[in-house]
Amino acid sequence: KFSLILNSEKKVYSFGDATDGCLGLESDDNRKNVFVPTPVKTLGNFNISYITAGLRHAACISDTGELYCWGFNYYDQLGVGETKKNYNM
């Protein structure tokens, strides 16, 4: 139960239930719910073209074609080749 926003400046914001790192925020912010759209700072240097979200994970593609994923990864749904409960960028 979280949302992602891609603004006109190609920056990503997230808010909602922070379970399992799905918001992509700094680790302290991933332990609490966030009620206002908050910049995903680790993506701040990239221009993002597409965003998508699953139940407890998310991904985006930069304008140069790089894929970034974060959140719940117990079944390797992020495709990073390892299984961990959550995975932060």
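Use the structure listed above.
Small disclaimer: the values here were computed from a predicted structure and weren't measured.

**With respect to the overall build of the protein**
Then, in step 1: Along the protein, the regular secondary structure elements total zero helices and seven strands.
Then, in step 2: Helices and strands appear in the protein in the N-to-C order β-β-β-β-β-β-β.
Then, in step 3: Each of the 89 residues in the protein was classed as buried or not, and the buried ones make up 33%.
Then, in step 4: When contacts within the protein are restricted to residue pairs at least 6 apart in sequence, long-range pairs at least 24 apart make up 35% of them.
Then, in step 5: Carbon and sulfur atoms form 51% of the exposed surface of the protein, whose accessible area is close to 5400 Å².

**Remarks on the nonpolar core**
Then, in step 1: In this structure, F2, L4, V12, L23, L43, C60 and W70 are the most contacted members of the largest nonpolar core, which totals 15 residues.
Then, in step 2: Residue assignment for this core shows that the elements contributing at least two residues are β1 (2-6), β5 (57-62) and β6 (67-73).

**Considerations on the packing of aromatic side chains**
Then, in step 1: Per the counting criterion, the structure on display carries one aromatic pair.
Then, in step 2: Ring centres 4.9 Å apart and planes at 40° place the aromatic pair F46 and Y68 in the tilted group. Of the two residues, F46 sits in the loop between β3 (34-39) and β4 (48-53) while Y68 sits in strand β6, which places them 22 residues apart along the sequence.
Then, in step 3: Classification of Y68 as buried rests on a relative accessible area of 17%.
Then, in step 4: R56 extends its terminal NZ or CZ atom over the ring of F72, reaching a point 3.9 Å from the ring centre.

**Looking at the environment of E26**
Then, in step 1: Summarising the element assignment, E26 is placed in the loop between β2 (12-16) and β3.
Then, in step 2: A relative accessible area of 43% means that E26 is categorised as partly exposed.

**Topic: the pairing of β2**
Then, in step 1: Only one face of β2 is covered, namely the face carrying V12, S14 and G16; the face carrying Y13 and F15 is uncovered.
Then, in step 2: The sheet contact formed by β1 and β2 spans five bridges and is antiparallel. Along β2, the bridge assignment pairs S3 with F15.
Then, in step 3: Once β1 ends, the chain turns through five residues before running back antiparallel as β2, passing K10 with a positive phi of about 65°.
Then, in step 4: Sheet analysis places β2 next to β3, joined by three bridges and oriented antiparallel. By the bridge assignment for β3, S14 is matched with T38.

Rules used in this analysis
- Residues numbered from 1 in each chain as written.
- Predicted model: local features only at pLDDT ≥ 70, side-chain atom pairs only at ≥ 80, totals over all residues.
- Heavy atoms only, no water.
- Helix = DSSP H or I, 4+ residues; strand = E, 2+ residues; numbered from the N terminus.
- Buried < 20%, exposed > 50% of the residue type's maximum accessible area, 1.4 Å probe, protein only.
- Contact = heavy atoms within 4.5 Å.
- Areas by Shrake-Rupley, 256 points an atom, 1.4 Å probe, with all protein chains shown as cover.
- Core = buried A, V, L, I, M, F, W, Y, C linked by side-chain atoms within 4.5 Å.
- Phe/Tyr/Trp six-rings, centres within 6.5 Å; stacked < 30°, edge-to-face > 60°.
- Lys NZ or Arg CZ within 6 Å of the ring centre and 35° of its normal.
- Pairing = 2+ DSSP bridges.

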